[in-house]
Each structure stands twice: as C-alpha cells, then as structure tokens.
Amino acid sequence: MAKVQITETILRDAHQSLIATRMKTEDMLPILETLDKVGYFSLEMWGGATFDSCLRFLNEDPWERLRIIRKAVKNTKLQMLLRGQNLLGYRNYADDVVTEFVKKSIANGIDVVRIFDALNDVRNLKVAMEVTKKEGGHAQPAISYTTSPAHNTKYYLNLAKQMEDMGADSICVKDMSGILTPYYAFELVSKLKETVKVPIQIHTHSTSGVGSMTYLKSIEAGADVVDCAISPMALGTSQPPTEPLVATLEGTGYDTGLDIALLNEVAEHFKPLRQSYLESNLLDPKVLGVDVNALIYQVPGGMLSNLVSQLKTQNAEDKFEEVLREVPKVREDLGYPPLVTPMSQIVGTQAVFNVVLGERYKMIPKEVKAYVKGEYGKPTVPISDEIKKKIIGDEEVITCRPADLIQPQLKILQSEMSEYQEQDEDILSYGLFPQVAIEFFKYRQAQMYKIDSTLLDKKNNIHPV
C-alpha cells in the first residue's frame, strides 16, 4: 500500500466538461493560494480547450492566465493537457511550432505536460515528449482509453512499454468517455504496474456513473495518482469528486493526507459560482446526471452535445438515437479510433451525414478523407480497401509520421501576424487559432488605446463627459 495523490481538475477539465470552458481567470484568482496549500500532486489548469476559449469567448490571453496562476501557486505543480502533434488545435503542426509551444509553456510556468494522441500513435507524441524532457518538465504521455475488439490489455501494455522507452516520467490512462469499469481497471492497473516502472495516473469522467468505483479499484491495484474535481464542479460529465475519495481513503494505507476542512474552503468558493452558471444557463442540469449511452455507444459527454447541436442545425433532432447507433458502425469502418478530440468530431460528423442524408458516405467531410489518407496517424486496425475506395478513391495513403511532411512554419506565422505581436507567445496563439487570435489582438489593442486615452485625459485635466 502507498499513499495516493490527487490531481485537481477544477481549473481545467471540470469546467471544460460542465460549462464549455467558460470559467474566467478572475473567478479562479481568490482561491488559488488556498488550492496551493491543499497538497495536491498537481493542479490541472491549462491546455485542452482553455486556450481556445480564453481567446474566443473570454477576451483573455491564455499565456497571461498561465503567468497569473503561476505567480499565485508557488508550491504545487501546474499541469496542462496537450494533444501531441495537434498541440491545442485540431490538426498536426510542424515540429518547430510544437517545439516552441512546449518551450514557452514550460518557461511560463507549466511543470507537468500530459501528452496524448487521439489514435495512440506514439510517433505523434515524440517531439512534444522530447522537448518537455529537455526543458526540465515532467513528461506524462497518456493512453487514450477505449474498448473495441483490438483494444485489449495486451494492446495497452505494449503501448505503455513504448511510452516508458520514450522517456515517460509517468503514464496516464485517459478515459475520456467514463467507460473504464472498476474491475477491468483493477486488472489493467495491476498489469501496468508489473510491466512498467514509472508511476501510473488514472483519469476518468463520471458520465456513466462508475467513476469513483473505478478510482477505488485502480488505487487498490496500485495507481499512484487519480484526477478529481472539487465537489461543486464534479460528477456528470466532469470528474469524480475530490472530498468523498479523500474521506474514503482516510486512515487507510492509501491515505491522501489531504485536509477535508481545507478542501471545504475550496468547495465554498465554487458553490456560488456553480449557482451563477446554472442561472446563466452555462451549466445545463442535463450534463450532471448519469448517461448510460456512454457505456453503450462509448460517446463522450462533449460529443453527445455536439451531435445534438449538429442535428438541430439540420432540423433532424428526431434522428438522435439513429445517429448514436451509427457512431459505432462508422468507428468500426474507420479502424476503431478512440472517440477523443479530434476523432470524436470526425466520427460524429460522418455519422450525422450518413443518417440525415439517408445514404452512408454520400457526403464525406475533408477531415474524414484526411484521416483515411493517414494525415492524423495510423488507425488501430487497418481500414478495409472497400471503405478506403469509398472515401478517398485511388489516392495513396501515407505511412510515415504525418508531421514529417510538414515544412517549418514558425517564421511564416511570425511574418503573417507581425503587426499585432506584443510577445513571442502571440505567434503561437496565431498559429493555433489564426482568425480567433487576430480578433483578440485587435480587442487587446483597442483596450490599450482606451487606457492610453484615459491617462492622457487625466494628464491634461480633461474630464470626458
């Protein structure tokens, strides 16, 4: 038995899962020093969809958020989620962009970089892992967990061994859909502990209702760290709650050593925020319940809401159940990709087209074609010639690491946005989300102009009416 540690997700995945990543930095600030005192393994507070949301919806600079949190959190490791060669976007970027992004993330305050690939293609983790190690960060590759005829224990153990050989400091089992069941978790973690020497961290969601039980069995099997969310922003499509797990393990050989009274202080800060999210309809009560569809169709919570909105735009909400049944069929056709960003969007959109148009693969999005051509990486199971022919005709499939075909991009990106640049990091923001970043840069300039004008007015004793 060994003490178990907890990564707190309240500053990233908890609000990403429940309120589409809309928590503002100002809502986090008052509680940061308390969070720092708790004694967590890490605070997951950056990456995932936070970057896009800061720029797109909150008019915030994500880099500035990272610096602000780092200044307040002096003792606890800060953690981010990175989509391997996709970084925080939805396509592969050139190696020079990946290298610079990881360097700047660590320079601005990130300690632990959790790196995953939607296809579990370790070639797409390579550069990000190497740079993380070189820059003195903790490299944590993540296994995107799913189930299929090809995704068995042997497959996961082989993947973990490859990750350890690549220099992993720890390995995460990332269960984005909440489908890792308790007794299988026990079996998987037990075998992982026999196979690799590095610590094992488990990440799940409460979508299907089994999350806390999965953590308990994982811990009994030797898991070193688990991801939890403070109770006001836990459960549903978020993570299992922190406080009940701490209480469960107290006085046992797994005791986390965390103080329930201090955790309660954290919870008290987020209770009124949760209420305000409910009142503003940012938090939909529907995402707080148990959704058995996650176990049947393996569809993550975020993907479910995407499917609903896609069907609404087509005036085809009545076809929801039919689309859910189509998702596993499309997934099988495409070589059983795990349903995590961007594969969940790719599979989901194709399933919607197949159902709404009444004919399978009548319309094929460019992302599906790119995936079948090998531009995202290698599918778990080879795609049949029949499906390949249907989707890309006679086009050739690439077999190399996709990023090997991408020319360096950093200098080009800098030249495209130089008139807006105020910091080196702006080039990376632009590289990931060009239009969204430019809008933000314009907003930032306008804000600076307002401040300059106010200062000038005060200097000249002009009182604007």
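Relevant structure appears above.
Here the residue index of a chain counts from 1 through its sequence in written order. For a predicted model such as this one, the threshold for reporting local features is a pLDDT of at least 70, and the threshold for listing and counting side-chain atom pairs is 80 or more; totals across whole chains, interfaces and linings nevertheless cover every residue. As a rule here, side-chain values cover all heavy atoms of the structure and leave hydrogens and water aside.

Thoughts on the packing of aromatic side chains
In this description, a pair of aromatic rings is defined by centroid distance and the angle of the planes.
Part 1: Pairing of aromatic rings covers Phe, Tyr and Trp, the last through its six-membered ring, and needs centres within 6.5 Å; plane angles under 30 degrees mean stacked, over 60 mean edge-to-face, and all others mean tilted. Within the structure shown, the criterion is met by 14 aromatic pairs.
Part 2: For the ring pair F440 and Y443, a centre distance of 6.4 Å and an interplane angle of 35° mean the geometry is tilted. Taken together, the residues F440 and Y443, both in helix 21 (residues 434-459) and three residues apart, mark about one turn of the helix.
Part 3: Think of it in three bands: with a 1.4 Å probe and only protein chains considered, a residue is buried below 20% of the maximum accessible area for its type, exposed above 50%, and partly exposed in between. The buried category is assigned to F440, whose relative accessible area is 4%.
Part 4: Accessibility expressed as a relative area gives 31% for Y443, which makes it partly exposed.
Part 5: What links up through ring pairs into an aromatic cluster is the set W46, F51, W63, Y90, F101 and F433.
Part 6: The positively charged end of R22 is found above the aromatic ring belonging to F57, 3.6 Å away from the centroid. Runs of H or I in DSSP of at least four residues are treated as helices and runs of E of at least two as strands, each being numbered from the N terminus. Charge over a ring is defined by NZ of Lys or CZ of Arg lying within 6 Å of the ring centre and within 35 degrees of the ring normal.

A short note on the packing of helix 8 (residues 153-165) against helix 9 (residues 182-195)
Part 1: Every axis in this analysis is a line fitted to C-alpha atoms, fitted for helices over the stretch in contact. Angles between the N-to-C directions lie between 0 and 180 degrees. For the pair helix 8 and helix 9, the least separation of the axes is 10 Å and the interaxial angle reads 40°. Note on packing geometry: the crossing formed by helix 8 with helix 9 is right-handed. Contacts between helix 8 and helix 9 involve T153, Y156, L157, A160, K161 and E164 from the first element and Y184, E187, L188, K191, L192 and T195 from the second.
Part 2: Residue classes in the contact of helix 8 with helix 9 are distributed as six nonpolar, two polar and four charged. Crossings are sorted by hand: turned counterclockwise from the far helix by less than a right angle, the near helix makes the crossing left-handed, and turned clockwise it makes it right-handed. We call two residues in contact when some of their heavy atoms are within 4.5 Å. Three classes are used: nonpolar for Ala, Val, Leu, Ile, Met, Phe, Trp, Tyr, Cys and Pro, charged for Asp, Glu, Lys and Arg, and polar for all others, with Gly counted as polar.

A look at a nonpolar patch on the surface
Part 1: For patch detection, residues must exceed 30% relative accessible area and be free of salt bridges, and they are connected within 9 Å for like charges or within 5 Å for nonpolar side chains (Val, Leu, Ile, Met, Phe, Trp, Tyr). Accessible surface area values rest on a Shrake-Rupley calculation with a 1.4 Å probe, where residue burial reflects the displayed protein chains alone. Any Lys or Arg side-chain nitrogen found within 4 Å of a carboxyl oxygen on Asp or Glu counts as a salt bridge. Judged by side-chain polarity, V292, L295 and I296 come together as a nonpolar surface patch covering roughly 260 Å² of accessible area.
Part 2: Along the chain, the position of L295 falls in helix 13 (residues 293-297).

Observations concerning the pattern of salt bridges
Part 1: A complete count under the given rule lists 30 salt bridges for this structure.
Part 2: In this structure, D13 engages R12 in a salt bridge whose closest nitrogen and oxygen atoms are separated by 3.5 Å. The exposure classification of D13 matches that of R12, with both residues buried.
Part 3: A salt bridge links K271 to E268; its shortest N-O distance comes to 2.8 Å. Note that K271 and E268 are positioned in helix 12 (residues 260-279) at a spacing of three residues, about one turn of the helix.
Part 4: Exposure remark for K271: the relative accessible area of 42% places this residue in the partly exposed category.
Part 5: On the basis of relative accessibility, which here comes to 42%, the residue E268 falls in the partly exposed class.

Digging into the packing of helix 15 (residues 320-333) against helix 16 (residues 343-356)
Part 1: Interaxial distance between helix 15 and helix 16 falls to 8 Å at its minimum, and their mutual angle equals 120°. With respect to helix 16, the element helix 15 is oriented oblique. The interaxial crossing formed by helix 15 with helix 16 has right-handed handedness. Contacts between helix 15 and helix 16 involve E322, V323, E326, V327, V330 and R331 from the former and V347, Q350, A351, V352, N354 and V355 from the latter.
Part 2: By residue class, the composition of the contact of helix 15 with helix 16 is seven nonpolar, two polar and three charged. Throughout, the term roughly parallel applies to angles under 35 degrees, roughly antiparallel to angles over 145, roughly perpendicular to angles from 65 to 115, and oblique to all others.

What to know about unusual backbone geometry
Part 1: Geometrically, the link from T341 to P342 is a cis peptide bond, its omega value of 0° lying close to zero.
Part 2: In this structure, P342 sits in the loop between helix 15 and helix 16.
Part 3: Phi is positive for L87, which is not a glycine, with a value near 55°.
Part 4: Following the sequence through the fold, L87 ends up in the loop between strand 3 (77-82) and helix 6 (95-107).

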